[in-house]
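Results of the structural survey
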Amino acid sequence: MPGPDRRPTALVTGPTSGIGESFARRLAADGHDLVLVSRDADRLAALAASLEARHGVTCEVLPADLSDRADVHRVAERLGDAGRPVDVLVNNAGFGVRGRFVGGDVDAELRQLDVLATAVLVLCHAAVPGMVERRRGVVVNVSSVAGFGPMGTYSAAKAWCTSFTEHLAASVRGTGVTVTALCPGFVRTEFHERAGMDVGSRSSGWWLDPDDLVEDCLADVRRGRVLSVPSRRYKALAGLLSALPPGGYRARVLTASRRRTGTSREETR
Ligand SMILES: NC(=O)c1ccc[n+]([C@@H]2O[C@H](COP(=O)([O-])OP(=O)(O)OC[C@H]3O[C@@H](n4cnc5c(N)ncnc54)[C@H](OP(=O)(O)O)[C@@H]3O)[C@@H](O)[C@H]2O)c1
């Protein structure tokens, strides 16, 4: 922990709704000052005001579109500022492109890849050296259980995120810095609505609550776990997918599990 003269600081991307908002609220409740990063400046300001009033922490608002390279570098500069160290980085921002890859919108695909992969790479690259120097730091990269199987470009980007996180965790082992990939299944957030998906009542046991997800993830971080997969059923699914040979088997298992949630294949790529 930082000295008595300062509170720890956490930078969370995508805190204006869903999983990122749960991270921001939990970390503020635990006494972290926050740097809040996403596109919607009004929602960021409202969240900052609410967290400051409720928890007495300081919130910095940094509006940025993480599909824009110049914006990503502004956020990286903030992370690399040795005078204002960031102790916890949560790379959470994300969205899914709906529809087929073949014949689809390649610019939308590139934006998705930039937010889910390139921004994660650049922000880790900016944050981790200072953490290693201070011999203290936490990185959480929000990936997905979809990354364990071939289900389209979203799942391919999440596979990259999980693999990258495992490598980074191994490369900083023993330095006092931990790096964890959070691999959720379905979570009740704005994600599916934003992607124009109709996912029905979201009441089956496959759907997770974002506050519970974040609570369990932070417990895994404290245990030093590199992969945080929530709930017994998603742990079993991830274990099965990892054990299967590459190819059609993994896609078929993922498709079958997703049918149980009441969502179609296209909706959950
Ligand atoms: N919900 C699920 O079922 C599920 C499952 C597995 C993994 N995940 C992953 O969890 C993460 C959070 O998603 P969520 O479910 O909480 O979705 P959400 O409620 O839609 O929240 C997405 C967040 O990302 C931000 N964001 C989106 N595009 C951005 C961009 N170009 N630049 C900066 N910020 C951007 C949004 O903020 P602004 O609109 O203010 O920019 C918002 O705060 C994502 O990485 C997602 O892939 C979700």
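See above for the structure.
Attention here is on the structure that accompanies the text. (Residues numbered from 1 in each chain as written. Predicted model: local features only at pLDDT ≥ 70, side-chain atom pairs only at ≥ 80, totals over all residues. Heavy atoms only, no water.)

**Some thoughts on the site of the ligand**
Around the ligand, the surrounding shell holds 32 residues, and the nearest of these are T16, S17, R39, Y154 and T189. Contact distances for the ligand include 3.1 Å between an oxygen atom and a backbone N or O atom of D40. R194 is positioned with one of its side-chain polar atoms (N or O) 2.9 Å from an oxygen atom of the ligand. In isolation the ligand has 890 Å² of accessible area, and contact with the protein removes 97% of it. Taking a 2 Å distance to the grid points as the criterion, the majority of the atoms of the ligand fall inside the largest pocket. (Near = heavy atom within 4 Å. Polar contact = N/O pair within 3.5 Å; in protein donor to acceptor, adjacent residues only side chain to side chain. Areas by Shrake-Rupley, 256 points an atom, 1.4 Å probe, with all protein chains shown as cover. 1 Å grid on protein atoms, 1.4 Å probe; cavity = no way out; pocket = protein on both sides within 12 Å on 5 of 7 lines; lining within 4 Å. Sits in = over half its atoms within 2 Å of the grid points.)

**Section: unusual backbone geometry**
What is expected of a backbone is that most residues other than glycine have negative phi and most peptide bonds are trans. Even without a glycine there, the phi angle at R135 is positive, about 55°. With respect to the helices and strands, R135 occurs in the loop between helix 4 (106-134) and strand 5 (137-142). Given a relative accessible area of 54%, R135 falls into the exposed group. Here the phi dihedral of S231 falls at roughly 65°; this positive angle occurs in a residue that is not glycine. Looking at where S231 falls in the secondary structure, it is placed in the loop between strand 7 (227-228) and helix 8 (232-243). (Helix = DSSP H or I, 4+ residues; strand = E, 2+ residues; numbered from the N terminus. Buried < 20%, exposed > 50% of the residue type's maximum accessible area, 1.4 Å probe, protein only.)

**Thoughts on the nonpolar core**
Formed by 46 residues in total, the largest nonpolar core has its most connected members in F23 and L34. Ignoring any residue separated from it by four or fewer positions in sequence, one finds F23 in contact with V12, V90, V140, V142, L182, V214, C217 and L218. (Core = buried A, V, L, I, M, F, W, Y, C linked by side-chain atoms within 4.5 Å. Contact = heavy atoms within 4.5 Å.)

**Here we look at the sheet that holds strand 7**
Read across the open sheet, the seven strands follow the order 3-2-1-4-5-6-7; overall the sheet is parallel. Taken across any chain shown, the strands that pair with only one partner, and hence form the sheet edges, are strand 3 (59-63) and strand 7. Bridge count for strand 6 (residues 177-182) against strand 7 is two bridges, and the pairing is parallel. Considered in strand 7, the bridge of A181 is made with L227. In this fold helix 2 (residues 41-55) packs onto strand 2 (33-38) and strand 3, with an angle of close to 170° to the strand it touches most, strand 3. Strand contacts of helix 4: strand 1 (9-13), strand 4 (88-91), strand 5 and strand 6, with the helix running at about 170° to strand 4, the strand carrying the most contacts. (Pairing = 2+ DSSP bridges. Axes fitted to C-alpha atoms, helices over the stretch in contact; angles between N-to-C directions.)

**Section: the environment of G104**
When you line up the elements, G104 lands in the loop between strand 4 and helix 4. Residues G104 and T189, spaced 85 residues apart in sequence, show a C-alpha to C-alpha distance of 25 Å.

**A short note on the pattern of salt bridges**
Summed over all chains, the structure comprises 15 salt bridges. In this structure, the salt-bridge partner of R69 is D114, at a minimum N-O distance of 3.7 Å. One end of the pair, R69, is in helix 3 (residues 69-79); the other, D114, is in helix 4, with 45 residues separating them in the sequence. On the accessibility criterion, R69 (47% relative accessible area) is partly exposed. R74 is paired through a salt bridge with D71; the nearest N and O atoms lie 3.3 Å apart. With R74 and D71 both in helix 3 and three residues apart, this pair spans about one turn of that helix. On the basis of relative accessibility, which here comes to 37%, the residue R74 falls in the partly exposed class. Look at D71 and you get buried, because its relative accessible area is 18%. Among the charged side chains, a network of salt bridges with common partners joins E60, R78, D81 and R84. (Salt bridge = Lys/Arg side-chain N within 4 Å of Asp/Glu carboxyl O.)

**Examining the packing of helix 3 against helix 4**
In the contact formed by helix 3 and helix 4, the axes pass within 8 Å of each other and the chain directions differ by 30°. With respect to their mutual orientation, helix 3 and helix 4 come out roughly parallel. The two elements helix 3 and helix 4 meet at a crossing, and its hand is right-handed. Contact with helix 3, carried on its side by R69, V72, H73, V75, A76 and L79, involves D114, T118, A119, V122, L123, A126 and A127 of helix 4 and no other residues of that element. Here the residues of the contact of helix 3 with helix 4 sort into nine nonpolar, two polar and two charged. (Parallel < 35°, antiparallel > 145°, perpendicular 65-115°, else oblique. Left-handed = near helix turned anticlockwise from the far one by under 90°. Nonpolar A, V, L, I, M, F, W, Y, C, P; charged D, E, K, R; others polar.)

**Considering the pairing of strand 1**
The element strand 1 is largely enclosed, with a buried count of five among its five residues. Of the two faces of strand 1, the one holding T9, L11 and T13 and the one holding A10 and V12 are both buried throughout. For strand 1 and strand 2, the ladder comprises five bridges, and the chain directions are parallel. Bridge pairing in strand 2 places L11 opposite V35. Bridge analysis of strand 1 against strand 4 gives three bridges, and the strand direction is parallel. Counterpart to V12 in the pairing with strand 4 is V90.

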